[in-house]
Amino acid sequence: MSDKMENKAEELKGRAKEAVGKATDNEQWQAEGKAEQGKSNLKQAGEKVKDAIKGVTD
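Our subject in this report is the structure included herewith. (Residues numbered from 1 in each chain as written. Predicted model: local features only at pLDDT ≥ 70, side-chain atom pairs only at ≥ 80, totals over all residues. Heavy atoms only, no water.)

A closer look at the overall build of the protein chain
We apply this condition: Strands here are runs of E lasting at least two residues and helices are runs of H or I lasting at least four, both read from the DSSP assignment and numbered beginning at the N terminus. Radius of gyration: over C-alpha atoms. The globule rule applied is 2.2 Å multiplied by the number of residues raised to the 0.38 power. Only protein chains enter the calculation, and the probe is 1.4 Å; a residue is then buried if its accessible area is under 20% of its type maximum, exposed if over 50%, and partly exposed in between. Throughout, a residue-residue contact means that at least one pair of heavy atoms, one from each residue, lies within 4.5 Å. Working definition of accessibility: Shrake-Rupley area with a 1.4 Å probe, residue cover restricted to the visible protein chains. Charged residues are defined narrowly, with Lys and Arg counted positive, Asp and Glu counted negative, and His plus the chain ends left uncounted. Positions of charges follow a simple convention, taking NZ of Lys, CZ of Arg, CG of Asp or CD of Glu.
When helices and strands are counted, the protein chain shows two helices and zero strands. A globule of 58 residues ought to have a C-alpha radius of gyration of about 10 Å, yet the protein chain, at 14 Å, is considerably larger. With respect to the principal axes defined by its C-alpha atoms, the protein chain has extents near 50 × 20 × 10 Å. Expressed as a percentage of the 58 residues in the protein chain, the buried residues total 22%. Within the protein chain, counting contacts between residues at least 6 apart in sequence, those at least 24 apart form 50% of the total. Counting every atom, the protein chain has about 4400 Å² of accessible surface; 58% of that belongs to carbon and sulfur. A gap of 2 Å separates the mean positions of the 12 positive and 12 negative side-chain charges of the protein chain.

Description of unusual backbone geometry
For Asp25, which is not a glycine, the phi torsion comes out positive at approximately 60 degrees. Within the secondary structure, Asp25 is located in the loop between helix H1 (3-23) and helix H2 (27-57). Residue classification places Asp25 among the exposed positions, given a relative accessible area of 63%.

A closer look at the pattern of salt bridges
Close approach of charged atoms lets side chains of opposite charge pair. For clarity, the threshold we go by: Put simply, a salt bridge is a Lys or Arg side-chain nitrogen that is within 4 Å of an Asp or Glu carboxyl oxygen.
Under the criterion given, the structure shown has eight salt bridges. In the salt-bridge network here, residues are joined through shared partners; they are Lys8, Glu11 and Arg15.

Concerning H2
Condition: An expected span of 1.5 Å times one less than the residue number is assigned to each helix. Counted as a polar contact is a pair of N or O atoms within 3.5 Å, where, for protein atoms, one must be capable of donating a hydrogen and the other of accepting one, and residues adjacent in sequence contribute only when both atoms are in side chains.
Along its 31 residues, H2 runs 45 Å from first to last C-alpha, staying within 8% of the 45 Å computed at 1.5 Å per residue. Taken residue by residue, H2 has Gln30, Gly33, Glu36, Gln37, Ser40 and Glu47 as its buried positions. Taking the backbone nitrogen of Gln28 as reference, a side-chain oxygen 3.1 Å away marks Asn26 as the first, capping residue of H2.

Brief notes about H1
Owing to its 3.6 residues per turn, the α-helix aligns residues three or four sequence positions apart on the same side. In plain terms, the rule: The arc under discussion is defined with respect to the helix axis, by the directions toward the C-beta atoms.
In a regular helix each residue adds 1.5 Å, so 21 residues correspond to 30 Å; H1 covers 30 Å between its end C-alpha atoms and thus fits that length. Three or more residues of H1 are buried, namely Asn7, Glu10, Glu11, Gly14, Lys17, Glu18 and Gly21. Angular distribution of buried residues about the axis of H1 spans 125 degrees; they occupy a single face of the element. Facing away from the buried surface of H1 by more than 90 degrees, the exposed residues are Met5, Lys13 and Ala23. Where H1 is buried, its residues meet H2.

Honestly, it's all geometry; don't read function into it.
Okay, here's the thing in structure tokens:
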């Protein structure tokens, strides 16, 4: 699986975990879900930078 797909899957997992945490009033799951989303967003931003650099050097 490509890094981009893994990062998107991690983001979706985080969203789901946050939603379940909200539905069950579980603050820990809400926080973990937000953290997973943030981590995924940083990875996705890194991928965009790599793509931009690759586009400039090609």
